[in-house]
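Breakdown of the fold
Letter by letter, the chains look like this.
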Amino acid sequence: MLTLTAVAEDPLVLTQHLSLDNGSEVVFRPLTSADVDHLAAFLEGLSAESRRLSTFDGYDLGAARELCDAIARYDKLRLVLEEVPSGRVVGLLEFSLDLHPSDIARYRRAGIRLTATDCRFGPTLADDYQGRGVGTQVFPLIADVARRFGKRRIILWGGVLTDNPRAIHYYEKQGFRTVGPFVGADGTQALDMILDLHPSRGQQ
């Protein structure tokens, strides 16, 4: 089973090349400390709407530095989609391998007991990569990462906003089911969704 330390020491264990339907070539790989500038450009380039739908603490060089400094220090695993050959970061995919008490309590009220084999996940794509099926192409790799960390289910990091039907449809397409609505700390209306990960062929 993979660990955050093992990934930080050898990012190649989770690195894959992918040819997207939009004609782009991308590398799916863990975030590294060398990504600060490209990650800052990614965050700064997100539109106001993309920022509204994301969960980052900031969208500048300082925020990028904080994300890179956090590698293997906490419970977070962050992966990027890197465009080839430009080196541009066009996606940031975040896992939280530990669960927040508020998530545990909320799911318990819905009749679901979250355990250490569950994780949180949240993706953000550059604006020009949204709505093109990129998330669907990448999701099998995301599910595989969760399995390799010993996870059996994925819940959404912060849920999904109820006024984001495109995202809700995307998650449903990947096999997520709705658990129930909730109101976020900032008053936003959101849905909890959960995915049961079936074993990959190599694990069956």
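See the structure printed just above.
All of the points below concern the structure found in this document. (Residues numbered from 1 in each chain as written. Predicted model: local features only at pLDDT ≥ 70, side-chain atom pairs only at ≥ 80, totals over all residues. Heavy atoms only, no water.)

**Observations regarding the overall build of the protein**
Assigned secondary structure in the protein consists of seven helices and nine strands. Radius of gyration (C-alpha) of the protein: 16 Å, near the 17 Å computed for a compact globule of 204 residues. In terms of principal-axis extent, the alpha carbons of the protein reach across some 45 × 40 × 35 Å. Burial analysis of the protein (204 residues in total) assigns 50% to the buried set. The long-range fraction of contacts in the protein, counting pairs at least 24 apart against all pairs at least 6 apart in sequence, stands at 65%. Summing over all exposed atoms, the protein offers an accessible surface of approximately 10,400 Å²; the carbon and sulfur share of this is 50%. Charge centroids of the protein, computed over 23 positive and 27 negative side chains, lie 7 Å from each other. (Helix = DSSP H or I, 4+ residues; strand = E, 2+ residues; numbered from the N terminus. Rg over C-alpha atoms; globule rule 2.2 N^0.38 Å. Buried < 20%, exposed > 50% of the residue type's maximum accessible area, 1.4 Å probe, protein only. Contact = heavy atoms within 4.5 Å. Areas by Shrake-Rupley, 256 points an atom, 1.4 Å probe, with all protein chains shown as cover. Lys, Arg positive; Asp, Glu negative; His and termini not counted. Charge placed at Lys NZ, Arg CZ, Asp CG, Glu CD.)

**Points about helix α7 (residues 165-173)**
Those residues of α7 that sit buried are Ala167, Ile168, Tyr170 and Tyr171. The buried residues of α7 occupy an angular sector of 160° when the element is viewed end-on, so they sit on one face. Looking at α7, the residues exposed on the side facing more than 90 degrees away from the buried face are Pro165, Arg166, His169 and Lys173. (Arc of directions from axis to C-beta.)

**Looking at the environment of Leu197**
In this structure, Leu197 sits in the segment after β9 (189-196). For the pair formed by Leu197 and Phe176, sequence separation is 21 residues and the distance between their alpha carbons is 9.7 Å.

**Focus: the pattern of salt bridges**
Once the charged atoms of two side chains with opposite charge are near each other, the side chains can pair. Under the counting rule described, the total for this entry stands at eleven salt bridges. Across the salt bridge formed by Arg29 and Glu82, the nearest N and O atoms sit 3.4 Å from each other. Residue Arg29 is located in strand β2 (residues 25-30), and its partner Glu82 is located in strand β3 (residues 76-84); the two are separated by 53 residues in the primary sequence. With a shortest N-O distance of 2.6 Å, Asp75 and Lys76 are connected by a salt bridge. (Salt bridge = Lys/Arg side-chain N within 4 Å of Asp/Glu carboxyl O.)

**Things to note about the nonpolar core**
Grouped together as the largest cluster of nonpolar side chains are 57 residues, with contacts concentrated most on Phe28, Leu39, Leu43, Leu77, Leu81, Phe95 and Phe149. The element contributing the most residues to this core is helix α6 (residues 134-148), with eight residues. Phe95 has contacts with Asp75, Lys76, Leu77, Leu79, Cys119, Arg120, Phe121, Ile142, Val145, Ala146 and Trp157, leaving out every residue within four places of it along the chain. (Core = buried A, V, L, I, M, F, W, Y, C linked by side-chain atoms within 4.5 Å.)

**As for unusual backbone geometry**
Residue Pro85 is reached from Val84 by a cis peptide bond, and omega for that bond is 5°. As for its placement among the helices and strands, Pro85 is situated in the loop between β3 and β4 (89-96). The backbone of Ala72 shows a phi angle near 65°, a positive value even though the residue is not glycine. You can see Ala72 is positioned in the loop between α4 (61-69) and β3. According to the relative accessible area criterion, Ala72 is partly exposed, its value standing at 32%.

**So, empty space enclosed by the protein**
By the definition in use, this model includes one cavity of 30 Å³ or more. Put simply, the largest cavity is a space of about 30 Å³. Around the largest cavity, the lining residues are Leu14, Gln16, Phe28, Leu141, Asp144, Val145 and Arg148. Partitioning the lining of the largest cavity into residue classes produces four nonpolar, one polar and two charged. (1 Å grid on protein atoms, 1.4 Å probe; cavity = no way out; pocket = protein on both sides within 12 Å on 5 of 7 lines; lining within 4 Å. Points joined across faces, edges and corners; volume = space filled by probe spheres on them. Nonpolar A, V, L, I, M, F, W, Y, C, P; charged D, E, K, R; others polar.)

**Brief notes about the packing of aromatic side chains**
What the rule picks out here adds up to seven aromatic pairs. The interplanar angle of 75° and the centroid separation of 6.0 Å between the aromatic rings of Phe56 and Tyr59 together place this pair among those described as edge-to-face. The exposure classification of Phe56 matches that of Tyr59, with both residues buried. Geometrically, the ring pair formed by Phe121 and Phe139 is edge-to-face, given 6.4 Å between the ring centres and 75° between the ring planes. Note that Phe121 is positioned in strand β5 (residues 118-125) and Phe139 in helix α6, a separation of 18 residues in sequence. Side by side, Phe121 and Phe139 carry an identical accessibility label, which is buried. Members of the aromatic cluster, connected to one another through ring pairs, are Phe95, Phe121, Phe139, Tyr170, Tyr171 and Phe176. Note that Arg106 overlies the ring of Phe182, its terminal NZ or CZ placed 3.9 Å from the centroid. The ring of Trp157 carries Arg120 above its face, with NZ or CZ at 5.0 Å from the centroid. (Phe/Tyr/Trp six-rings, centres within 6.5 Å; stacked < 30°, edge-to-face > 60°. Lys NZ or Arg CZ within 6 Å of the ring centre and 35° of its normal.)

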